[in-house]
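Now for the letters of each chain:
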Amino acid sequence: MNLPERRDVRFPFPELLEWVENPMFGFRPFGQLVRVEDYIADDRYVLRAELPGVDPDEDIEVTVDGGMLHIRAEKTHRATEPHRSEFAYGALSRTVTLPATARTDDVKAVYKDGVLEISVGLEEEKKAEGPRIAVEH
């Protein structure tokens, strides 16, 4: 999946968006929360999202824009009449800030057993070492 890189349109406070979407605060402007976990492995940023009961071909959309990873999904209600249902249906979404070294041209997404796993390649962090200054004597 090749996605265009758009680092020029960066959300001014990316952590604020994640904070607002936190389930503790209950504000969900774009649907229900997608629960995620993330980690770094083998020079890749890996994000795993719980999305059981969706069709990955029809119901999942993954995009990268301005250093942000966006996951959107739609879980549709089946035509049965349940006696009781505690399942959540409707729009699901999550936006996560990517690491500063993320390579947005190297993004892979795999859906298996109700879990969407997205991995993003990471560039090597360059040490902030300036030029050597000659010392006069």
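As a reminder, the structure under discussion sits directly above these lines.
Note that the structure is a prediction, hence the values are computed from the model and not measured.

Calculation rules
Numbering of residues starts from 1 in each chain and follows the order in which that chain's sequence is written. Local features in this predicted model are restricted to residues whose pLDDT is 70 or higher, and side-chain atom pairs enter the listing and the counts only when it is 80 or higher, whereas totals over whole chains, interfaces and linings include all residues. The side-chain values count all of the structure's non-hydrogen atoms but skip hydrogen atoms and water molecules. Paired strands are those between which DSSP finds at least two bridges. Only DSSP runs of H or I with at least four residues qualify as helices, and only runs of E with at least two residues qualify as strands; both kinds are numbered from the N terminus onward. Helix axes are fitted only over the stretch in contact, all axes being lines through C-alpha atoms; the angle between N-to-C directions runs from 0 to 180 degrees. A pair is scored as a salt bridge if a Lys or Arg side-chain nitrogen falls within 4 Å of a carboxyl oxygen belonging to Asp or Glu. Here's how the labels work: a residue is buried when its accessible area is under 20% of the maximum for its type, exposed when over 50%, partly exposed in between, all with a 1.4 Å probe on protein chains only.

## What to know about the sheet that holds strand β7 (residues 102-112)
Working step 1: Pairing within the open sheet is antiparallel, and its 4 strands lie in the order β2-β3-β8-β7. The outermost strands of the open sheet, each flanked by one partner alone, are β2 (36-41) and β7. Put simply, the sheet's adjacent strands are angled 20° from each other on average, direction ignored.
Working step 2: With 8 bridges joining them, β7 and strand β8 (residues 115-122) adopt antiparallel strand pairing. In the strand pairing of β8, Ala102 is matched with Leu122.

## Things to note about the pattern of salt bridges
Two side chains carrying opposite charge are able to pair once their charged atoms lie near each other.
Working step 1: This model, assessed by the stated rule, comprises 7 salt bridges.
Working step 2: Residue Glu61 pairs with Arg72 through a salt bridge whose shortest N-O separation is 3.4 Å. With Glu61 in strand β4 (residues 60-65) and Arg72 in strand β5 (residues 68-75), this pair connects stretches of sequence that are 11 residues apart.
Working step 3: Between Asp106 and Arg103 there is a salt bridge, and its shortest N-O distance comes to 3.6 Å.

## A short note on the pairing of β4
Working step 1: Taking every second residue as pointing to the same face, the buried face of β4 carries Ile60, Val62 and Val64, while none of Glu61, Thr63 and Asp65 on the other face is buried.
Working step 2: Bridge count between β4 and β5: 6 bridges; the pairing is antiparallel. The residue of β5 that forms the bridge with Asp65 is Met68.
Working step 3: In this structure, the hairpin formed by β4 and β5 is closed by a connection of 2 residues, where Gly66 is found at a positive phi of approximately 60°.

## Side note on unusual backbone geometry
Working step 1: For Asp42, which is not a glycine, the phi torsion comes out positive at approximately 50°.
Working step 2: In this fold, Asp42 is placed in the loop between β2 and β3 (44-50).
Working step 3: Look at Asp42 and you get exposed, because its relative accessible area is 77%.
Working step 4: Even without being a glycine, Asp43 presents a positive backbone phi close to 60°.
Working step 5: Looking at the secondary structure, you find Asp43 in the loop between β2 and β3.

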